[in-house]
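Spelled out from the first residue to the last, the chains are:
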Amino acid sequence: MDSSKEKLLAALAPLLPELPAEQLERLVCVPSDRVKGDFALPCFVLAKARKANPAAIAQELASAVALPEGFSKAEAAGGYLNFFVDADAATSALLRKIESEGAAYGSSPANGKTVVIDYSSPNVGKQLAFHHLRSTMIGNALLRCYRAAGWNAVGINHLGDWGTQFGKLIVMARRSGLPLDDESLKAFTLAKLNAMYVDFGRQAKEHPEMEEEARAAFAAMEAGSPEELRLWKAFRATTLAELEELYEMLNVKFDVYTGESFFNDKTGAVVELLKSKGLLSESQERQVVALDDEGMPPCLILKGDGSTLYATRDLAAALYRHETYNFDRCLYVVDNGQSLHFRQVFTVLKKLGCGWAEGCRHIPFGLILQQDAEGKWSKGSSKQGNSNSLREVMDAAAAKILATIDEKNPSLPDKENVARKIGVGALVFDDLKNRRLIDVKFNWEQALSFDGDTGPYVQNAHVRLCSIQRKAGRRVASSEVRWEKLSDANSQRLVHKLGELPERVVEVTRDHEPSALAQYCLELAAESHRFIHDNRVLGDEAETERLFLVQCAQTALRNALELLGVAAVEQM
Ligand code: ARG
C-alpha cells in the first residue's frame, strides 16, 4: 500500500471505531479527479449509526482529524471528506524513490511466499503454433510480476513429452522405410515430426490397426524398451532445440523443464496412493477415480494395458511440486479448453486429503483467432496442419516493422534488431492487452500500428522520453530539483501515474490479469505523450525539473514493459 494512505488510515482509525480496519481501507479511495483531493472518505455509511447526515459528519471529522505528516489539508465537500497531500513532499518522495530504485522500481519487498507457474508447456513433436504464444507470454508476465511483487517464483515448462502421441510418431517413422540409426534420426526435423503427426491422423482413418500399433509402442516406452526410448529421445531433442531458439527470441526463461516424461517413474506411487485410499475403481477396463459426487466425469488414471494418462502425470507432478517447492500457490496457465481436466485433477488431490490443493489454480485464457482467405475466423490446429507457426508470425512482424523504419528512418543504427524487438513486442503486447479469457481476433494492421492501443504506440512514447534525454546530453540528479516547479496540474498528472506502478504489479498477482499492467503501459504512454506535447522541456526555465520527470517516466515505462515481457527500444 501507498505509505501516505497508510498514514492517513492510522490517523482516521481512532475517530471511526465503528469501522473495521479492512472496511476503512476499502472506503478510503483516490478520487478520479485529483483536483478534488488525493484521498477521499465517503461518509454515507456512517450516517445511520451516528444518526447524522453525511455532510455534517464530514465537517465534524475534518476539524477533529490530526493531519499526518505529508498532508496539507482536510476539507469536507458534501458527504465526502477530502484529503490533500503536500504535493511537493509527495512528488519529491516518489521521484527520489524512482531515482534510487531504477530498474527495480515497481517492485515490493520480499514476502516469503512461493508460487509455482506452469506455462508454455507445449507438446513435443508439434511446432509451436501462434496460439501457444498466449500461455507462454501470459505465464512469463505473471512470473515477472510475482517476482517483482516479492514472491519467490518458480517457472516450469511441463513439456508434453510423454504419451500415446509418441507411439504415433514411432509408428510413422517405422512405416516411412527410412533408416533409423542415430545419425539418420537427425533428419527428423520438427517440421517433419509435425507432418508425420498430421499424416498419422489421415492414414489411421484407413488403417485403424495403426492406432493399436501406436498404443503398443507407447506401452513399450513406459515399460522401458530401449529401442522405442531411443527414438523418443531423438524426437524430444529436436523439438527442444527449436523451442529454445524461440524462447530466446521471446526472452522467456524457465527454471526447470520437468515435462511429463519426468514423472514416468513417479506415477506408480500415485496409483498406489489412490488404491490405498480406496479411490480407484474399474470402468470399461480402465482404472479411474469416480467423480460423479462432484458432477464430473471420472478422472482416468490407467488404461486397460496399464499405461498412464495425462491426468496421472499431472497428479504426480502436483505432488512432486508440493514436496519440492512447498508452494503457497501453483498456477497452470493453460487454455480454457482444459478446465474440466484441471477441475478433475484438483478434486482428486482434495480427495487424497491434500489441503494444499486449495492453492492450485487453473489460469485459463481464450483463443487467438485468425482469419482465413474466405474471411472465416478460426484457431487453426496442428492436427489439420493449418496452424501458423509462431516463428513465421514473428519473422513477418519484424519484417513489417523493418519496412516502416526503412521508409522513415533508414539510417537508424542496428535497425534489424530494433525492428525485431518492436515487431515481437507488438505481438506480445497485442496478446496481453486484452483480459485473458477473451478470444483475440488477431489483426496484423492493428497490432503493428503506431496509433491506438498497441505496443508500437507505447514504444514510441518510450523513444520520445529517451530522445529528450539524448538531446539534453545530461542526467539530472534529484538534489538539483526545485520540487515546487513540478507542482502544476500538468506535471502532477504524470507524477500520479508514475506512482501507480507498484500497486498495479501487485494487482496482477491478485487477479492474474496481465492486461491490467498492459493498460497501465497505455495510460502512462498517453500521459507521457501529453506531457511532452504540452510542455517545453529543453530550454525552459524549469528544464532541470522537467528533465528529471522525463527520466523518471522513462524508467517507469521501461520497467512496466519489461514486466510484461516486452523489451523497450530507445530509438526507432
Ligand atoms: N502440453 C499440454 C498442451 O499442449 C499443456 C500442459 C499444461 N500443463 C499441465 N500441467 N497439464 O495442451
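Here the structure is a predicted model, which means the values were calculated and not measured. (Residues numbered from 1 in each chain as written. Predicted model: local features only at pLDDT ≥ 70, side-chain atom pairs only at ≥ 80, totals over all residues. Heavy atoms only, no water.)

**Let's talk about the packing of helix 7 (residues 164-175) against helix 10 (residues 209-222)**
Link 1 in the chain: Following both chains from N to C, one finds helix 7 and helix 10 inclined at 115°, their axes separated by 7 Å at the closest point. Classified by the angle their axes make, helix 7 and helix 10 are roughly perpendicular. Of the two possible hands of crossing, helix 7 and helix 10 adopt the one that is right-handed. Residues T164, F166, G167, K168, I170, V171, M172 and R175 of helix 7 lie in contact with helix 10, whose contacting residues are E209, M210, E211, E213, A214, R215, A217, F218 and M221.
Link 2 in the chain: Across the contact of helix 7 with helix 10, the residue classes tally to 9 nonpolar, 2 polar and 6 charged. (Axes fitted to C-alpha atoms, helices over the stretch in contact; angles between N-to-C directions. Helix = DSSP H or I, 4+ residues; strand = E, 2+ residues; numbered from the N terminus. Parallel < 35°, antiparallel > 145°, perpendicular 65-115°, else oblique. Left-handed = near helix turned anticlockwise from the far one by under 90°. Contact = heavy atoms within 4.5 Å. Nonpolar A, V, L, I, M, F, W, Y, C, P; charged D, E, K, R; others polar.)

**Brief notes about the packing of aromatic side chains**
Link 1 in the chain: A full pass over the atoms with the stated rule returns 19 aromatic pairs.
Link 2 in the chain: Considering the side-chain rings of Y332 and F342, the 4.9 Å spacing of their centres and the 40° angle between planes classify their relative orientation as tilted. With Y332 in strand 9 (residues 329-333) and F342 in helix 14 (residues 339-351), this pair connects stretches of sequence that are 10 residues apart. Here the two residues Y332 and F342 agree in accessibility, since each one is buried. (Phe/Tyr/Trp six-rings, centres within 6.5 Å; stacked < 30°, edge-to-face > 60°. Buried < 20%, exposed > 50% of the residue type's maximum accessible area, 1.4 Å probe, protein only.)

**Some points on the site of the ligand**
Link 1 in the chain: For the ligand, the full set of nearby residues is D118, S121, N123, H158, Y310, D314, Y332, V334, Q338 and F342.
Link 2 in the chain: At 2.7 Å from a nitrogen atom of the ligand is found a side-chain nitrogen or oxygen belonging to D118.
Link 3 in the chain: Taking 350 Å² as the accessible area of the ligand by itself, protein coverage stands at 89%.
Link 4 in the chain: Considering only residue class, the shell around the ligand consists of 4 nonpolar, 4 polar and 2 charged. (Near = heavy atom within 4 Å. Polar contact = N/O pair within 3.5 Å; in protein donor to acceptor, adjacent residues only side chain to side chain. Areas by Shrake-Rupley, 256 points an atom, 1.4 Å probe, with all protein chains shown as cover.)

**A few points about the sheet that holds strand 4 (residues 114-118)**
Link 1 in the chain: Taken in spatial order, the 4 strands line up as 5-4-9-10 in an open sheet, and their pairing is parallel. A strand with exactly one partner marks an edge of an open sheet, and here the two such strands are strand 5 (152-156) and strand 10 (360-363). Each strand of the sheet is rotated relative to its neighbour by a mean of 20°, with strand direction disregarded.
Link 2 in the chain: Pairing geometry for strand 9 and strand 10, over 4 bridges, is parallel. Note that in strand 10 the partner of V333 across the bridge is I363.
Link 3 in the chain: Set on the sheet, helix 14 makes contact with strand 9 and strand 10; between it and strand 10 the angle comes to about 180°. (Pairing = 2+ DSSP bridges.)

**Examining the sheet that holds strand 12 (residues 377-378)**
Link 1 in the chain: The strand order 12-11-13 describes an open sheet built from 3 strands, whose pairing is mixed. Looking at strand neighbours, the two that pair on one side only are strand 12 and strand 13 (440-441), the edges of this open sheet.
Link 2 in the chain: Here strand 11 (residues 368-371) runs beside strand 13; their pairing, made up of 2 bridges, is parallel. Bridged to L369 within strand 13 is K441.

**Examining helix 14**
Link 1 in the chain: The end-to-end C-alpha separation of helix 14 is 18 Å, in line with the 18 Å expected for 13 residues at 1.5 Å each.
Link 2 in the chain: Residues of helix 14 that are buried: H341, F342, Q344, V345, F346, T347, V348 and L349.
Link 3 in the chain: Along its buried surface, helix 14 packs onto helix 12 (267-276), strand 7 (286-289), strand 8 (299-302), helix 13 (310-325), strand 9 and strand 10.
Link 4 in the chain: In the stretch just after helix 14, G353 is the one whose phi turns positive, near 85°. (Expected span 1.5 Å × (residues − 1).)

**Points about the pairing of strand 4**
Link 1 in the chain: With respect to burial, strand 4 is a largely interior element, 5 of its 5 residues being buried.
Link 2 in the chain: Every second residue of strand 4 is oriented toward a common face, with T114, V116 and D118 on one face and V115 and I117 on the other, all of them buried.
Link 3 in the chain: Summarising the sheet, strand 4 and strand 5 pair through 5 bridges and their orientation is parallel. Within strand 5, the position partnered with T114 by the bridge is N152.
Link 4 in the chain: For the segment spanning strand 4, helix 6 (residues 132-148) and strand 5, crossover handedness is right-handed.
Link 5 in the chain: Here strand 4 pairs with strand 9 via 4 bridges, running parallel. Bridging from a neighbouring strand, I117 pairs with L331 of strand 9. (Right-handed = clockwise from strand over helix to strand, strands pointing away.)

**What to know about the environment of E527**
Link 1 in the chain: One can find E527 in helix 21 (residues 515-534).
Link 2 in the chain: Under the relative-accessibility criterion, E527 is labelled buried at 12%.
Link 3 in the chain: Along the sequence, E527 and L498 sit 29 residues apart, while their C-alpha atoms lie 9.6 Å from each other.

**What to know about helix 4 (residues 54-64)**
Link 1 in the chain: Turning to helix 4, its buried residues number three or more, namely P54, I57, A58, L61 and A62. The buried residues of helix 4 occupy one face: seen down the axis, they fall within an arc of 135°. Set apart from the buried face of helix 4 by more than 90 degrees, the exposed residues are Q59 and S63.
Link 2 in the chain: Contact partners of the buried residues in helix 4: strand 1 (39-42), helix 3 (47-50), strand 2 (71-77) and strand 3 (80-85). (Arc of directions from axis to C-beta.)

**Some remarks on the side chain of D431**
Link 1 in the chain: Assignment of secondary structure puts D431 in helix 16 (residues 415-432).
Link 2 in the chain: By relative accessible area, D431 is classed as buried at 3%.
Link 3 in the chain: Setting aside residues no more than four positions away along its own chain, D431 makes contact with L133, R134, M137 and I368.

**Notes on the pattern of salt bridges**
Close approach of charged atoms allows side chains of opposite charge to pair.
Link 1 in the chain: This model, assessed by the stated rule, comprises 38 salt bridges.
Link 2 in the chain: The shortest N-O distance in the salt bridge between K186 and E183 comes to 3.2 Å.
Link 3 in the chain: The class of E183 is exposed, set by a relative accessible area of 55%.
Link 4 in the chain: The salt bridge involving E480 is made with R474; its shortest N-O contact spans 3.6 Å.
Link 5 in the chain: Taking relative accessible area as the criterion, E480 reaches 37% and is therefore assigned partly exposed.
Link 6 in the chain: Residue R474 is classed as partly exposed on the basis of its relative accessible area of 32%.
Link 7 in the chain: Salt bridges here are not isolated pairs; linked through shared partners, they connect R482, K485, E541 and E545. (Salt bridge = Lys/Arg side-chain N within 4 Å of Asp/Glu carboxyl O.)

**Looking at the environment of R504**
Link 1 in the chain: Looking at where R504 falls in the secondary structure, it is placed in helix 20 (residues 501-511).
Link 2 in the chain: Taking relative accessible area as the criterion, R504 reaches 13% and is therefore assigned buried.
Link 3 in the chain: As a C-alpha pair, R504 and S411 span 93 residues in sequence and 38 Å in three-dimensional space.
Link 4 in the chain: Sequence-distant contacts of R504, that is, excluding residues within four places in its chain, are made with K497, A516, Y520 and E523.
Link 5 in the chain: Within the structure, the side chain of R504 is placed 2.8 Å from the side chain of E500, a separation counted as a polar contact.
Link 6 in the chain: Looking at R504, its side chain comes within polar contact range of the side chain of E523, at 3.1 Å.

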